[in-house]
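The lines below spell out each chain.
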Amino acid sequence: MQERLMAMLSAFFGGLALLLAAVGLYGVVAHAVRARQTEIGVRMALGAGPSNIVRLVFQRVGVLIAAGLAVGLAGSLWAARFVETLLFQLQARDPMTFAGAATVLVAVSALAAWMPARRAARLDPASVLREAESAAGSLSEASLSHFSAAVLRGVFALVRSVTVETHSVSLE
């Protein structure tokens, strides 16, 4: 009975850890997408499609997943010797267990990254650039030199004119 309770508690806390990892990754990706919203808007205004934006977000998440799996695998292989006595009819370094855990983590990570990637792909470049332009226009002289503000305004005007030309060509 005590072994069954220990197994149930382990499964519960493992699931809780997986949920916390997914929520944490979602938060990191959502914050990164929000911070790069202007860049994404410029990319879309210059012709990047929604699939390119999703691919961009998933490439960044892929680096996080690969790093996490490498560190987690190394830590798990090292810690396996400490839990070997607690395992029943299972090797501490069972390759199928490690592969299954990695597969579940990759699947949960991809699901956690999908929502911010989809939201980034649905951005309206005109409204994002308008919002960024108004933010650049409201910057104080103390925080940004006149030259830098003029450069930012010029870039926004260029992108806006390219966007307007692209929309007028596509409407004809």
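Residues numbered from 1 in each chain as written. Predicted model: local features only at pLDDT ≥ 70, side-chain atom pairs only at ≥ 80, totals over all residues. Heavy atoms only, no water.

Peer 1: Quick question: what am I supposed to make of the packing of aromatic side chains here?
Peer 2: Each aromatic ring pair is described using two quantities: the centre-to-centre distance and the angle formed by the ring planes. Summed over all chains, the structure comprises three aromatic pairs. Ring geometry for Phe-58 against Trp-114: centres 6.2 Å apart, planes inclined by 40°, an arrangement best described as tilted. Note that Phe-58 is positioned in helix H3 (residues 50–83) and Trp-114 in helix H4 (residues 95–121), a separation of 56 residues in sequence. Judged by its relative accessible area of 26%, Phe-58 is partly exposed. Of the residues examined, Trp-114 reaches a relative accessible area of 38% and is grouped as partly exposed. (Phe/Tyr/Trp six-rings, centres within 6.5 Å; stacked < 30°, edge-to-face > 60°. Helix = DSSP H or I, 4+ residues; strand = E, 2+ residues; numbered from the N terminus. Buried < 20%, exposed > 50% of the residue type's maximum accessible area, 1.4 Å probe, protein only.)

Peer 1: Help me out: how do you make sense of the side chain of Gln-37 in this one?
Peer 2: Following the sequence through the fold, Gln-37 ends up in helix H2 (residues 37–45). Non-local contacts of Gln-37, meaning those with residues more than four positions away in its chain, are made with Leu-123 and Val-128. (Contact = heavy atoms within 4.5 Å.)

Peer 1: Sorry, what's going on with the packing of H3 against H4 here?
Peer 2: Think of two packed helices as two axes; the pair is described by the angle between the axes and how far apart they sit. Contact geometry for H3 and H4: axes closest at 9 Å, N-to-C directions at 150°. Our classification of the angle between H3 and H4 gives roughly antiparallel. Where H3 crosses over H4, the two elements pack in a sense that is right-handed. For the pair formed by H3 and H4, the contact residues are Pro-50, Ile-53, Val-54, Val-57, Phe-58, Val-61, Ile-65, Leu-69, Leu-73, Ser-76 and Leu-77 on the first element and Phe-98, Ala-102, Leu-105, Val-106, Ser-109, Ala-110, Ala-113, Trp-114, Ala-117, Ala-120 and Ala-121 on the second. (Axes fitted to C-alpha atoms, helices over the stretch in contact; angles between N-to-C directions. Parallel < 35°, antiparallel > 145°, perpendicular 65-115°, else oblique. Left-handed = near helix turned anticlockwise from the far one by under 90°.)

Peer 1: Honestly, the pattern of salt bridges in this entry has me stumped. Any pointers?
Peer 2: One side chain can pair with another of opposite charge once the charged atoms of both are near each other. Tallying each qualifying case throughout the model produces three salt bridges. Among the ionic pairs, Glu-131 bridges to Arg-34, the shortest N-O distance being 3.7 Å. Of this pair, Glu-131 sits in helix H5 (residues 125–137) while Arg-34 sits in helix H1 (residues 2–35), and the two are 97 residues apart along the sequence. Of the residues examined, Glu-131 reaches a relative accessible area of 45% and is grouped as partly exposed. In this structure, Arg-43 and Glu-39 form a salt bridge, with 2.9 Å as the shortest nitrogen-oxygen distance. Of this pair, Arg-43 and Glu-39 are both found in helix H2, four residues apart, which corresponds to roughly one turn of the helix. A residue is classified by how much of its surface remains accessible, and Arg-43, at 37% relative accessible area, is partly exposed. (Salt bridge = Lys/Arg side-chain N within 4 Å of Asp/Glu carboxyl O.)

Peer 1: Help me out: how do you make sense of the nonpolar core in this one?
Peer 2: Nonpolar side chains in soluble globular proteins tend to end up buried together. In this structure, Val-29, Val-33, Ile-40, Ile-53, Val-57, Val-61 and Ala-120 are the most contacted members of the largest nonpolar core, which totals 18 residues. Contributions of two or more residues to this core are made by H1, H2, H3 and H4. (Core = buried A, V, L, I, M, F, W, Y, C linked by side-chain atoms within 4.5 Å.)

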